Each structure stands twice: as C-alpha cells, then as structure tokens.
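# Structural description and commentary
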Amino acid sequence: MGIHPEFMQMLRLALPEEAFSLKREDLQNSARDFWSQQSEPGAVVRATHIEHVIKTLQYASAYKVPVIPRAAGTNICQGFHSSSESVMLDMRQFKRIKQIDVEQRRAIVEPGVINGVLQTQLKPYGLFFAPDPASAQISTIGGNIATNAGGPHCLKYGVTTHHVQEVTAVLANGSVVRLNADDVGPDLRGLLIGSEGTLGVITEAVLKLSSLPETTHTLLAVFDRAELATHAVSAMIRAGIIPTALEFFDNKAARLFESVRPSGYPLDAEALLLIDVTGTDDEVQVDCALIEKLLRGQARELRRAQTEEERAFLWQGRIFGAQVLLTTGRGFYIADTTVPRHRIHDMLYAAHEIADTHQLELITTGHAGDGNIHPVFLFDKHDPLHIEAVRKVCDELVLAALGMGEH
C-alpha cells in the first residue's frame, strides 16, 4: 500500500535534499539491525537538526503515517519494527556531547551518542554514566533511554530512569517539551523513558553522572549444581552484600561463549556466577571476604580478578553473548523474565520443562541479582514447526513467570 504520495511530496519540500531519501539502498540499509532482521521502511529521514524532527512528525501526524525513530539500530531488545507504510527517522547525526559538568556531575548529550563513547569521555574526569547495557559499546543513549536499559550493574546503580534528570522531546504533533525529574505533578519524564519512541522523539538529555569507584574486583564462582548458584544469589543479598553485578549463566551458555570468545570458563560446570564488587579498597576487600565465606562449600571454585585486564578477560564471554549467538547461524528467541530471587531456580526448571516439551534447545543467562533471567531458545528458523513451537514457548514462559510473582 505504501505511504500517501502527498505526504511524501510535502516532506520532500520541507526538508533539505540530503535529509530525505527514497533510494533503494537507503531503505535496505534502514531495514537491517544488529540481528539482521529485514523490515524495510517506505522512506528515510536523516535528521541533523531538531527542525527536521519537528517537520517530520507534524506531517506524519497530519497524514497518519507511522514514524520509527532510531539511531544505532542495535534493536537488541526488539524495540522497533518498520514497514513500507512508515518513515524511519534516523537520529544518528544527533551525536554531540554538548557539555560535561564535572562540578554538577551531569552531562548534556544528544540521543545518537554511543554509550561507550560517552564513558570514554567521562573517564578522565573520574565519572561515569551508570546504566551499562551489554550493548554499551554499540548502543546509543537515546536507545538506552527509549528502552529504560539496565544491564549487569543495575543491581547496585538502578536502570536508566534513575540517571536521567531531564529530556527534551518532540511529540507526535511536532510540539517540543522539556521534562525534568523535579517537575511538579506526574513524572512525565519517567513516562517517556522506556516508551520506546511511542510517546515522543528524544532530541537531548541531561544525564546524572556518578563517581568512578576506587576499586573494582570481579569474582567467578563455579558450581556443580545450578540450585547452589541460585541459592548463593539470595544468600549474598540477605547478608547485606550488594554487588555491582551478579550474572548467572549455565553450562550450555558457557560452552557457547567459550567457543567464540574464550574467557576461561570451565566446560564441566553446571552454572557460573560473575560477581563485580566495587567501592573503596577496604570496602571491596571486606565484601570479597564475605562472599568467599558465603560461597565456601557451595562453589567448587572461586577466582578473583583484580586488574582491568583480568576483569575484561572474565567478562568478555558474557558481554559478547549476543554476538556469539549470531555466529551459530541458528534461530533464537531471547526471553526476558523477572521473578523473586528465591524463585530463580524454579524459573530455570520451568524453562527447561517448556523447552523439553517443545523439543527446543535452551541456554540460560541473566542478571540474577534482581531475578532477571533470560532463557534463550534455539531453533531451526527454516522449520515452520519450530517457529510455531517458539510462539507457544513465549506464552508458556510468561505464564510460568507470572505464577511465581509475589501476591
């Protein structure tokens, strides 16, 4: 059916020539994301100024044309899906770090800034932006805000909404709003964060920054039984220890990671925990000693990495997990379930039962500290029966997770 031709003509006249494209090459490039999914838009707008965003949304609203904003297009959380009836609003050129205010510990940035690039710019000042999705080296701040990204360190530092003071956004009718965490009344800033571009297009954000911790140590705990690993998670939290990160992954995940990004993970363990501990030197030593005491007799092995090189080595398999999945050439469905910490093992058991019922292969990873577990179902993407099985798996997994909630 395509986009209304009058809309196309109006938008073409309203924007600079280089900002509007119907070229086949541009449409095809905009169809691909990190997962190489094909979803071709009807037109592409490459915005370089807020006026381009305003005009696009004004005309789109008038002609009822869907607009899909994106920047890096990693889409690791499957956040957008374009069509021939929609416009892809490319925000990659909004990539300026406008200000780093060391005294106020804040940064003013545009949405196309890569998270990892910002972290590199902040490090000489002893500061960092706490949200750390696994895609930090390739995902943008705008995408982090749109999805309210968390990541391994959200256990201690929280998710993106806790670190965004203010956003400037263009609404569907082309009006511009500035929403601050200190505004009186409903938290509209918080409403916009996590709305995945459905409520407005972010053009600028004021971020809260944190001081880099004095010391960071990483521990790798190796378990012969998965339930020992999940029990250890609850034991640490009960003891008052709040690691910066507490990541779980099972034997199949470890084997897959090791096959592409070797990190020294043992291939015969049933489960592993990656634990980051941060703070002053004294705080880290105390916490590490307490963790080692708690895990004694539960974990068969405990490794401690103290240098940045050792830490990076232990983490690389987990951090590049998504890229590793792509190398398999197989279809995969990454589920996202959150249950109370003491029900993590029940969630793992339920996921295995569901996978076995539908004859799908399963690996599991997750941010265990807050009960966020990712069952990953592998399947033959060319087999209609497998595809139908994955659809059923999705529903059954959601029902299982809901059944484990606190009432």
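So, here is what we can say about the structure in this document. Note that the structure is a prediction, hence the values are computed from the model and not measured. (Residues numbered from 1 in each chain as written. Predicted model: local features only at pLDDT ≥ 70, side-chain atom pairs only at ≥ 80, totals over all residues. Heavy atoms only, no water.)

## Side note on empty space enclosed by the protein
As a reminder of what qualifies: Residues are called lining when one of their atoms sits within 4 Å of a cavity or pocket point, these points coming from a 1 Å grid over the protein atoms alone, where a cavity is a set in which a 1.4 Å probe fits but cannot get out and a pocket is an open set with protein on both sides within 12 Å along at least five of seven lines. Grid points are joined across faces, edges and corners, and a volume is the space filled by probe spheres set on the points. Numbering goes from the N terminus for both helices and strands, where a helix is a DSSP run of H or I of at least four residues and a strand is a run of E of at least two. Polar here means any residue outside two lists: the nonpolar Ala, Val, Leu, Ile, Met, Phe, Trp, Tyr, Cys and Pro, and the charged Asp, Glu, Lys and Arg; Gly therefore counts as polar.
Throughout the structure, instances matching the rule amount to one cavity of 30 Å³ or more. In this structure, the largest cavity is lined by P152, C154, L155, A245, L246, H367, G369 and D370. Residue assignment for the lining of the largest cavity shows that the elements contributing at least two residues are α6 (154-157) and β13 (245-250). For the lining of the largest cavity, the per-class residue count stands at five nonpolar, two polar and one charged.

## Some points on the pairing of β13
Rules: Under the scheme applied here, a residue whose accessible area is under 20% of the maximum for its type counts as buried, over 50% as exposed, and between as partly exposed, the area being computed with a 1.4 Å probe on protein chains only. When DSSP finds two or more bridges between two strands, those strands count as paired.
Counting buried residues in β13 gives six out of six residues, a clear majority hidden from the surface. Residue alternation in β13 divides its side chains into two sets, A245, E247 and F249 and L246, F248 and D250, and both sets are buried. As paired elements, β13 and strand β18 (residues 361-367) share three bridges and run antiparallel to each other. Residue pairing across strands places F249 opposite T365, the latter belonging to β18.

## Thoughts on helix α14 (residues 384-402)
As a reminder of what qualifies: The span expected for a helix works out to 1.5 Å for each residue beyond the first. The directions from the helix axis to the C-beta atoms form the arc being described. We call two residues in contact when some of their heavy atoms are within 4.5 Å. We define a polar contact as two N or O atoms separated by no more than 3.5 Å, with the added condition that, inside protein, one atom must be a possible hydrogen donor and the other a possible acceptor, whereas residues neighbouring each other in sequence contribute only through side-chain atom pairs.
The end-to-end C-alpha distance of α14 is 28 Å, a good match for the 27 Å that 19 residues give at a rise of 1.5 Å each. Taken together, the buried positions of α14 are A389, V390, V393, C394, L397, A400 and A401. Looking down the long axis of α14, one finds its buried residues gathered within 155° of arc, a one-sided arrangement. In α14, the exposed positions angled more than 90 degrees off the buried face are occupied by P384, L385, R391, D395, L399 and L402. Of the surrounding elements, those touching the buried residues of α14 are β16 (331-334), β17 (337-338), α13 (344-357) and β19 (372-379). Sitting at the head of α14, D383 places a side-chain oxygen 2.9 Å from the backbone nitrogen of L385.

## Describing a nonpolar patch on the surface
What counts is decided by this rule: Distance thresholds for patches are 9 Å for like charges and 5 Å for nonpolar side chains (Val, Leu, Ile, Met, Phe, Trp, Tyr), applied to residues having over 30% relative accessible area and no salt bridge. Only the protein chains shown count as covering a residue, and every accessible area follows the Shrake-Rupley method with a 1.4 Å probe. The working definition used for a salt bridge is a side-chain nitrogen of Lys or Arg within 4 Å of a carboxyl oxygen of Asp or Glu.
A cluster of nonpolar side chains, namely L188, L191 and L199, defines an oily patch on the protein surface of about 280 Å² accessible area. Among the secondary structure elements, L199 is positioned in the loop between α7 (188-192) and β10 (201-208).

## Observations concerning the sheet that holds strand β5 (residues 97-101)
For the record, the criterion: Between N-to-C directions, angles cover 0 to 180 degrees, with each direction set by a line fitted to C-alpha atoms, over the stretch in contact for helices.
The antiparallel open sheet is built from five strands, whose spatial order is β5-β6-β10-β8-β9. Two strands lie at the open edges of the sheet, namely β5 and β9 (176-180), each paired on one side alone. Sheet twist, expressed as the mean angle between neighbouring strand axes with direction ignored, is 10°. Pairing between strand β8 (residues 164-170) and β9: five bridges, direction antiparallel. Pairing of T168 across the sheet is with R178, part of β9.

## Observations regarding a negative patch on the surface
Where we set the bar: Charge assignment: positive for Lys and Arg, negative for Asp and Glu; neither His nor the chain ends contribute. Lys charges are placed at NZ, Arg charges at CZ, Asp charges at CG and Glu charges at CD.
Together, E214, D281, D282 and E283 make up a region of like negative charge exposed at the surface. The exposed category is assigned to D282, whose relative accessible area is 61%.

## Things to note about the packing of α13 against α14
We apply this condition: In what follows, roughly perpendicular refers to angles from 65 to 115 degrees, roughly parallel to angles under 35, roughly antiparallel to angles over 145, and oblique to any angle outside these ranges. Should the near helix be turned anticlockwise from the far one by less than a right angle, the crossing is termed left-handed; should it be turned clockwise, right-handed.
At a closest axis distance of 10 Å, the pairing of α13 and α14 adopts a crossing angle of 155°. The angle between the axes of α13 and α14 places the two elements in the roughly antiparallel class. Handedness of the α13/α14 crossing: right-handed. Facing M347, A350, A351 and I354 of α13, the residues of α14 in contact are V393, E396, L397, A400 and A401. Looking at side-chain class alone, the contact of α13 with α14 contains eight nonpolar, no polar and one charged residues.

## Re unusual backbone geometry
For R105, which is not glycine, the phi dihedral falls at a positive 55°. Structurally, the position occupied by R105 is in the loop between β5 and β6 (106-109). With a phi close to 50°, N148 is a non-glycine residue in the positive phi region. Structurally, N148 is set in the loop between α5 (141-147) and α6.

## Quick look at helix α8 (residues 226-238)
When the terminal C-alpha atoms of α8 are compared, their 19 Å separation across 13 residues agrees well with the 18 Å that a helix rising 1.5 Å per residue should span. Counted residue by residue, α8 has 11 buried out of 13 residues, so it is predominantly covered. Along its buried surface, α8 packs onto α6, β12 (215-223), β13, β14 (271-279), α10 (281-295) and α13. Looking one or two places after α8, you find G240, whose phi comes out positive at around 85°.

## Section: the nonpolar core
Note the following rule: Buried Ala, Val, Leu, Ile, Met, Phe, Trp, Tyr and Cys residues that are joined via side-chain atoms within 4.5 Å together make up what is termed a nonpolar core.
Ranked by size, the top nonpolar core spans 46 residues in total, and within it F223, M236, L273, I275, I291, L295 and M347 carry the most contacts. Secondary structure elements with two or more residues in this core: β12, α8, β13, β14, α10, α13, β19 and α14. When near neighbours in sequence (up to four residues on either side) are disregarded, L273 contacts L219, L220, A221, F223, A229, A232, V233, M236, L246, E247 and F248.

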